[in-house]
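Secondary and tertiary structure notes
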Amino acid sequence: MSVDIATVKRVAHLARIAVTEEEAASFQGEINAILGFAEQLNEVDVEGVEPLTSVVAQTMKKREDVVTDGFYADRVVGNAPVSDDDFFVVPKVVE
Amino acid sequence: MSSTTDLTSLTIAEIRDGLTAKAFSATELTKAYLASMEAARDLNAYIIETPEQALAMAAASDEKLAKGEARALEGVPLGIKDLFATEGVHTQAASHILDKFKPNYESTVTANLWNDGAVMLGKLNMDEFAMGSSNETSYYGPVVNPWRKEGSNAPLVPGGSSGGSAAAVAARLCAGATATDTGGSIRQPAAFTGTVGIKPTYGRCSRWGTVAFASSLDQAGPIARTVRDAAILLKSMASVDAKDTTSVDVPVGNYEGAVGQSVKGLRIGIPREYRLDGMSAEIEALWQQGIAWLKEAGAEIVDISLPHTKYALPAYYIVAPAEASSNLARYDGVRYGLRVPGEDIASMYENTRSAGFGREVKRRILIGTYVLSAGYYDAYYVRAQRIRTLIKRDFDLAFAAGVDAVLTPATPSAAFGLEEMALASPVEMYLNDVFTVTVNMAGLPGLAVPAGLDKSKLPLGLQLIGRPFEEETLFRLGQVIEDAAGTFTPSKWW
């Protein structure tokens, strides 16, 4: 399988990364090189093999559903590029 | 200890002895490192230096030492990879998108180190978001390897992604460093710089507060100058942490106690699939030398087969970008870091991510997004995860058959030149990880230990792969190689 320029642009939009025509063209070549490299995975018979989702045979630990931290909104927004009165500020989303 | 340069040549074990014997103070030691860092800025190993914090921590260590209350790493000056959140201190994963980010929390790994008395010298350079094998993708510019080919002034890469960590340890700009490894990012730079690096078993070190790349593969570990020092550091870095749900409830081992223990009777597997077509004669000779050393020390050598080895790298380059595309979705210009305005919120996201991420990171996000997108998820991602099961099964079968550890080369070559791979296809760069990536895919511990020099007098390393949570076995075997091969220090030119 290989990708065309339109697919690269569609994927870049899905990933929310603005790309120029030039960048899209150069990413196309590189992505196709990597997908080509991955072609060899089709040689392997994976019939009946479960996908590996965790390398450790341990049940996911669950914490008690209690508040352990918080009450410092000013620190939470402390690194925001734009904030106002402990809120994150974004461009208008709803008209 | 008369001159300051002497102090930076000490191992962590020697520092511990010297501080206890009051041969020098933690403050003197830290000052010696700060001076060596200042003189080595051309290597670009540190992104930022934190001298005031370092001296305050050293002074606190001196107080503890005076009271006879020294902890495991009291007064030991360390460099911290920029991937670890350090409270109030630059933490950007060497990326522009985390512009000016200073977390108000501390990663579990670094908190463990400070609780044991270690001193922070600064934040170390790395490949952006730990994506790279040469430390050339950093927003802060490449790190230069303190090693050079004999008779040449051409700059070499230190490997990656923990290139700053490895270069700083080799050049004596810190006594040891934290690092992380998703596909080889501790072991490959360790091999390129003549240092010791261990990626512990997945779940051994908490991932809490460490910037995520590929969560099912990422593990923190130390880079140090000796096997013993790596064991000392890992003991402090490792813990069971309720804040990381993949942290495994297994007590931390007595790693230093394992150093120097006999390896008599241990069964060492030599996987035939690691003998690559076109592998250099020097790497083959190094591997044979390693086999001979372990045999002389009483280990039993057995040939083994890990039949799915060749599929590990292509499967990794599906799984890791897929996880990365998901993890890096959080960098959107809203809660932290860079923001580049746009006409509306969607274009603000797109402009921010376009300006904030470097090329290698963008490419991996695009691949990850593609292989997870509708219609391709089963063909790429699920297939790669099935192959991952087979890779892990290969190791499980070898261990079940009585193999205690596996010996392989650490890298297919010695360090290469800065920009030498600039025109190569991404796949060629990825081949650096061919021997290391299987270990991450299977979640196993892997130790890289220097084993010799190539014909250009550049360091080469061997890799030992162990059973889950049996890091002790690797430290035992690693010490045998270190005893036979010696340690390697670059000649100072910087």
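Not measured: the values here are computed from a predicted model.

Attention now goes to the nonpolar core. Of all hydrophobic cores here, the largest spans 181 residues; its most connected members are Phe129(B), Leu407(B) and Phe475(B). Here the element with the most residues in this core is helix α11 (residues 312-327) of chain B; it accounts for 10 residues. If near-sequence neighbours (up to four positions away) are discounted, Phe475(B) is found in contact with Ile198(B), Val227(B), Ala230(B), Ala231(B), Leu234(B), Tyr255(B), Ala258(B), Val259(B) and Leu447(B). Judged by nonpolar contacts, the second largest core, of 6 residues, contains Leu52(A), Val55(A), Tyr202(B) and Phe469(B).

This part is about the interface of chain A and chain B. Taken residue by residue, the interface counts 50 residues in chain A and 66 residues in chain B. Scanning the region where chain A abuts chain B turns up 5 salt bridges. Note that Glu23(A) and Lys362(B) form a salt bridge whose closest N and O atoms lie 3.9 Å from each other. Linking chain A with chain B are 22 residue pairs in polar contact (both at pLDDT 80 or more). Considering only residue class, the side of chain A that touches chain B consists of 33 nonpolar, 7 polar and 10 charged.

Moving on: the side chain of Thr369(B). Mapped onto the elements of the fold, Thr369(B) is located in helix α13 (residues 359-372). Among all residues touching Thr369(B), those that are not within four sequence positions of it are Val11(A), Leu14(A), Ala15(A) and Ser325(B).

Let us look at the pattern of salt bridges. Within this structure, the stated rule accounts for 23 salt bridges over all chains. A salt bridge links Glu49(B) to Arg41(B); the shortest N-O distance between them is 2.9 Å. Glu49(B) sits in the partly exposed class, given a relative accessible area of 25%. Between Lys123(B) and Asp82(B) there is a salt bridge whose closest N-O contact spans 3.7 Å. Of this pair, Lys123(B) sits in strand β3 (residues 119-124) while Asp82(B) sits in the loop between β2 (77-81) and α5 (108-115); the two residues are 41 residues apart in sequence, bridging distant segments of the chain. Both residues of the pair, Lys123(B) and Asp82(B), belong to the buried class. One salt-bridge network, in which partners are shared between bridges, spans Glu30(A), Arg359(B), Glu360(B), Arg363(B) and Arg364(B).

Reading the values: rules and limits
- Residues numbered from 1 in each chain as written.
- Chains lettered and ligands numbered in written order.
- Predicted model: local features only at pLDDT ≥ 70, side-chain atom pairs only at ≥ 80, totals over all residues.
- Heavy atoms only, no water.
- Core = buried A, V, L, I, M, F, W, Y, C linked by side-chain atoms within 4.5 Å.
- Buried < 20%, exposed > 50% of the residue type's maximum accessible area, 1.4 Å probe, protein only.
- Helix = DSSP H or I, 4+ residues; strand = E, 2+ residues; numbered from the N terminus.
- Contact = heavy atoms within 4.5 Å.
- Salt bridge = Lys/Arg side-chain N within 4 Å of Asp/Glu carboxyl O.
- Polar contact = N/O pair within 3.5 Å; in protein donor to acceptor, adjacent residues only side chain to side chain.
- Nonpolar A, V, L, I, M, F, W, Y, C, P; charged D, E, K, R; others polar.

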